[in-house]
Amino acid sequence: MTLYAEVVLSLPVSQAFTYSIPESLSTKALVGSRVLVPFGQRIMTGFIVRLRRKKQSSDIKLKDIVEVLGEEPVFASSFLSFTRKLSDYYYSSWGDVLQASLPPSFILKSQVRVSLTEKGKEAVRKEGLPQEEKELLSFLRDKEYSILFLKRKLKIKNLSALLSRLEKKGLVHMLRDIKRTGHKKAPSVSRSEAQLEMDFSLDSPSRKTADEMASVLGKQVFSPFLLYGSQEKRESVYFYLIRRILEQGRRILFLVPEIALTQALREQFEKRLGEKVALLHSRLTERMRELEWLRIKKGEAHVIVGPRSALFAPVDNLGLIVVDEEQDESYFQPENPSYDARKGAWLRAKQEKAGLVYGSAIPSVSAFYRARRRGYLMELRGRGEKKRVEIVDDRREKGLISRRLAERIATKLKKKESILVFLNRRGYASYLLCSNCNFVPRCVRCDIALAYHKKEKKLICHYCDYQTPAEENCPDCGSRMIRGRGVGIEAVEEELKGIFPQSRIAAFATDLKREEQEKILQGFKRGEIDILIGTQLLAHQADLPQASLVSILYPETLLTLSDYKASQKTFQAISQMMRFLRKKEGAEIIIQTALPHHFSICQAACEDYMSFFEQELNFRRLMKYPPFTHLVEVLFQGESLRFVARQSRGFLSRVRDASRDIEILGPALAPISKLRGKSRIQVILKAKTKKDLDDVLEKLLQSIKVRKSIHVFDL
DNA sequence: AGCACGCCGACT
DNA sequence: GTCGGCGTGCTC
């Protein structure tokens, strides 16, 4: 009997496509199978999400599935439901989500190989062909090439049109086949041979909390928790819970914000639990990723550690998902597909009837608010000693380094103690300007001033990475260029070197190569560097050693952004940097700022999360921001501002017609109003519930004809 | 997302 | 008059 399969493809359309299953594939084609299907002129990898007996409507002729890839379905049906809900929630494509869940090598596509026909070979020898045709044909003289290669090699504008013309004339032959990745030998997987350590130092209040959680988790129902407490205390609770889940024979998904944190965690798990751990992240080689994915799929790994993308690990029998450092914004993925792994973890845990533990010492206000309201907040009491923190008002200072900070640095240098300086801006200055005519060099493709990188003598666009040599004189009037406001770490480095010429100073930034970064970190670790200056990236290094003076410069830069989370981000950034203070007599933190009284800075400085929370929550309530509302940001992008503007206005009027429950902000130029030559217009929709938005957007979003990205915010 | 189809300006 | 640009719309 003929069966039909609904197949989802990685396309920006929400619908599934129906294919008929040929008799020969009927036993292999199952729900969750990875299949090859003909789609237009191409062959694509898709996923069967449903089988049916009958066609839906009789008027379309259906194509056959070409092939079922792999022996077993790649997705369990509960995984399909989970990803479906996730993509609905974020208005992103289900197919994109499914594709992102697999190692890249699992996705096969047809590749067109172009070669000359006999007639074509003759034609090359003859004269009288148009320039472009001649160029292409002689290039193909003795070998076949892929279209992609030809595109890169020859600079022909409309290659595909040219090719189809030549194919019609019978001069070239286009062979469509499936690109298969050759399997190289598996690299040996290094495993730590560390001795098992059975050290679980749970103090008695933490033990009580952990027991309470464990007894709920034992029931194998969806049970969320927000574990609020210091890193150290959280960790012991995690280990305790993980052991209990392992005893039940269930598996654990452990999410962390940064790939950099995964390796250390894996070693810890292997050491302390003796368990089979798998790592899953995008920086693994393609082959490694495939191997780890297969190990997880086969059930050989019991604990899976990774960043946000590990949310899609093929674990079955899931007992617990941990989302550590819940406040970290890197759980949000803006594009392709757009989702937030924190909400994703909720959806998956719910689907799998598993436990869910968010952990943080400084939770996002929305998470804290919800946890407290719905009664799943678990507090681990007993904070460490308060740190010594001083806020220095920068407004009366002449230099970049205040006199007070310089004095404290001098003291530490004398004692041969290490110093960290954080400043969240790369380069030397955020722009250059002409001392005479005020000309500011801007990026040609983005509507933004170019940052000045003095060491490399370059002007760099921090958004699209466009680079150009920095000229000393104004191209317009020839006067000297001077640095604008907004200093970066290079300027701080220069000034510190001027004040402390004897000391060893280094700057750590994204612009450096990986080996250089590693060298600096190692140098600082060994005490060969006295003062280390760095951006947020430095604060994200897992193995950055602590220092006895942590200086935080101008944390208020984040506050100038038009972002409802600006205060929270500032509070979190300062708190995170403060963690690098050595626990030692005389260790101190100096925050140098022009906004010494802003609550996010003061309360971070006095480590008063609760006060920050209350104040920020109040702001969110007054302004009707999450957690009291849901926001959807729709970003329209296109070549012409006119067209993009018209699209956005049209979209908004349709939203207005469709609902009175949606508040509209904009349309307005996006914060980065032009990126890589594309104009950007932003619209923000605000509603009391997500459903208010869904009711309207599910239909309307498909009618947008320009490139768009949609971001959902509820944290 | 690709890719084909279809309608208007600059060339043999 | 054709070529070839890219706007519009479909892909089971």
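This one's a predicted model, so the numbers in the text were calculated from it and none came from an experiment. (Residues numbered from 1 in each chain as written. Chains lettered and ligands numbered in written order. Predicted model: local features only at pLDDT ≥ 70, side-chain atom pairs only at ≥ 80, totals over all residues. Heavy atoms only, no water.)

Draft legend 1. Seen up close, the layout of surface pockets. In this structure, the second largest pocket occupies an estimated 930 Å³ of space. For the second largest pocket, the lining is made up of 31 residues, of which P12, V13, Y91, S92 and S93 are closest to its centre. Only α1 (77-89), α2 (94-100), α21 (690-700) and β32 (707-713) provide two or more residues apiece to the lining of the second largest pocket. Sort the elements by how many residues they give to the lining of the second largest pocket and β32 lands first, with 4 residues. (1 Å grid on protein atoms, 1.4 Å probe; cavity = no way out; pocket = protein on both sides within 12 Å on 5 of 7 lines; lining within 4 Å. Points joined across faces, edges and corners; volume = space filled by probe spheres on them. Helix = DSSP H or I, 4+ residues; strand = E, 2+ residues; numbered from the N terminus.)

Draft legend 2. Expanded view of the sheet that holds strand β30 (residues 662-675). Spatially, the 4 strands line up as an open sheet ordered β30-β31-β29-β32, and their pairing is antiparallel. The open sheet has two edge strands with one neighbour each: β30 and β32. Recorded for the sheet is a direction-independent mean angle of 20° between the axes of neighbouring strands. (Pairing = 2+ DSSP bridges. Axes fitted to C-alpha atoms, helices over the stretch in contact; angles between N-to-C directions.)

Draft legend 3. Just empty space enclosed by the protein, in detail. By the definition in use, this model includes 3 cavities of 30 Å³ or more. Volume-wise, the largest cavity comes out at about 100 Å³. What lines the largest cavity is A100, S101, L102, P103, L280, H281, R289, W293, S309, A310, F312 and A313. Looking at the lining of the largest cavity residue by residue, the classes come out as 8 nonpolar, 3 polar and 1 charged. Taken as a whole, the second largest cavity encloses approximately 80 Å³ of empty space. Considering the residues around the second largest cavity, the lining is formed by 14 residues, among which N424, P555, L558, A573 and M577 are closest to the centre. Residue assignment for the lining of the second largest cavity shows that the elements contributing at least two residues are β19 (419-423), β27 (549-553) and α17 (566-578). No other element matches α17, which puts 4 residues into the lining of the second largest cavity. Residues belonging to the lining of the second largest cavity are distributed by class as follows: 10 nonpolar, 4 polar and no charged. (Nonpolar A, V, L, I, M, F, W, Y, C, P; charged D, E, K, R; others polar.)

Draft legend 4. Representation of the sheet that holds strand β2 (residues 17-21) within the structure. Overall, antiparallel pairing links the 5 strands, which are arranged β2-β1-β4-β3-β5 in an open sheet. Two strands in the sheet have a free side with no partner beyond their single neighbour: β2 and β5 (67-69). Averaged over neighbouring strand pairs, the angle between their axes works out to 50° when direction is ignored. With 3 bridges connecting them, strand β3 (residues 34-39) and β5 associate as antiparallel partners. Residue pairing for β5: L36 is matched across the bridge by E67.

Draft legend 5. Structural view of the protein's contact with DNA strand B. For DNA strand B, the full set of nearby residues is L11, P12, Q41 and R42. Restricting attention to atoms of DNA strand B within 4 Å of the protein, one finds that 62% of them are sugar or phosphate atoms. Residues that form the surface near DNA strand B fall into these classes: 2 nonpolar, 1 polar and 1 charged. (Near = heavy atom within 4 Å.)

Draft legend 6. Inspection of the nonpolar core at higher detail. Ranked by internal contacts, the top residues of the largest apolar core, which has 110 residues, are F422, L532 and F651. With sequence-adjacent residues up to four places away left out, L532 is seen in contact with I419, L420, V421, A506, F508, I520, F524, L538 and L544. One finds A470, C474, L553 and I672 within the second-largest nonpolar core, a separate group that totals 42 residues. (Core = buried A, V, L, I, M, F, W, Y, C linked by side-chain atoms within 4.5 Å. Buried < 20%, exposed > 50% of the residue type's maximum accessible area, 1.4 Å probe, protein only. Contact = heavy atoms within 4.5 Å.)

Draft legend 7. Spotlight on the pattern of salt bridges. Considering all chains together, one arrives at 39 salt bridges under this definition. K565 serves as the salt-bridge partner of E329, at 3.3 Å between the closest nitrogen and oxygen. Of the two residues, E329 sits in the loop between β13 (318-324) and β14 (332-333) while K565 sits in the loop between β27 and α17, which places them 236 residues apart along the sequence. On the accessibility criterion, E329 (22% relative accessible area) is partly exposed. You can call K565 buried: its relative accessible area is 4%. Here E407 ties to R404 by a salt bridge, and the two come within 2.8 Å at their closest N and O atoms. Of the two residues, E407 and R404 both sit in helix α13 (residues 403-414), 3 residues apart, roughly one turn of that helix. Judged by its relative accessible area of 37%, E407 is partly exposed. Given the relative accessible area of 28%, R404 is considered partly exposed. In this structure, a network of salt bridges that share partners links the residues R388, E390, R404, E407, R408, K412, E417, K584 and E588. (Salt bridge = Lys/Arg side-chain N within 4 Å of Asp/Glu carboxyl O.)

Draft legend 8. Structural detail: α13. Here α13 spans 17 Å end to end across 12 residues, near enough to the 16 Å set by a 1.5 Å rise per residue. For α13, the full list of buried residues reads L405, A406, R408, I409, K412 and L413. One side of α13 carries all its buried residues, which in axial view fall inside an arc of 165°. Relative to its buried face, α13 has exposed residues pointing more than 90 degrees away, namely R403 and K414. At its buried positions, α13 is contacted by β19, α14 (489-499), β26 (531-534), β27 and β28 (588-593). Positive phi appears at K416, one or two residues downstream of α13, with a value of about 60°. (Expected span 1.5 Å × (residues − 1). Arc of directions from axis to C-beta.)

Draft legend 9. Geometry of the pairing of strand β6 (residues 110-116). For β6, the tally of buried residues reaches 5 of 7 residues, placing the bulk of the element in the interior. The sheet contact formed by β6 and strand β7 (residues 145-146) spans 2 bridges and is antiparallel. Residue pairing for β7: V114 is matched across the bridge by Y145.

Draft legend 10. Up close: the confidence of the model for chain A. Summarising the model, chain A shows a mean pLDDT of 88, and 91% of its residues fall at 70 or more. A low-confidence stretch, residues 181-196 stays under pLDDT 50, and its non-local contacts, those more than four residues away or across chains, total 21 contacts. (pLDDT = per-residue confidence, 0-100.)

Draft legend 11. Here's a closer look at helix α7 (residues 204-217). Taking 1.5 Å per residue as the helical rise, α7 with its 14 residues ought to reach 20 Å, and the 20 Å between its terminal C-alpha atoms agrees with that figure. The set of residues buried in α7 consists of S206, T209, A210, M213, A214 and L217. Along the axis of α7, the buried positions cluster into a sector of 135°, meaning they face one direction only. For α7, the exposed residues set more than 90 degrees away from the buried face come down to S204 and K208. Residues of α7 that are buried make contact with β9 (223-228), α8 (231-247), β13, β16 (355-360) and β17 (377-379).

Draft legend 12. Representation of the environment of M577 in the model. Residue placement: M577 occurs in helix α17. Each residue touching M577, except ones within four places of it in the same chain, is listed here: F422, Q536, A539, V550 and I552.

Draft legend 13. Representation of a nonpolar patch on the surface in the model. A cluster of nonpolar side chains, namely F619, L622 and M623, defines an oily patch on the protein surface of about 290 Å² accessible area. Along the polypeptide, F619 turns up in helix α19 (residues 609-623). (Patch = residues over 30% accessible without salt bridge, like charges linked within 9 Å, V, L, I, M, F, W, Y side chains within 5 Å. Areas by Shrake-Rupley, 256 points an atom, 1.4 Å probe, with all protein chains shown as cover.)

Draft legend 14. Structural view of the pairing of β28. Most of β28 is tucked away, with 6 of its 6 residues classed as buried. The two faces of β28 match: E588, I590 and Q592 on one face and I589, I591 and T593 on the other face are all buried. Summarising the sheet, strand β18 (residues 389-393) and β28 pair through 5 bridges and their orientation is parallel. Paired with E390 across the two strands is I590, which belongs to β28. As defined by bridge partners, β27 adjoins β28 across 5 bridges and the pair is classed as parallel. By the bridge assignment, S551 is partnered in β28 with I590.

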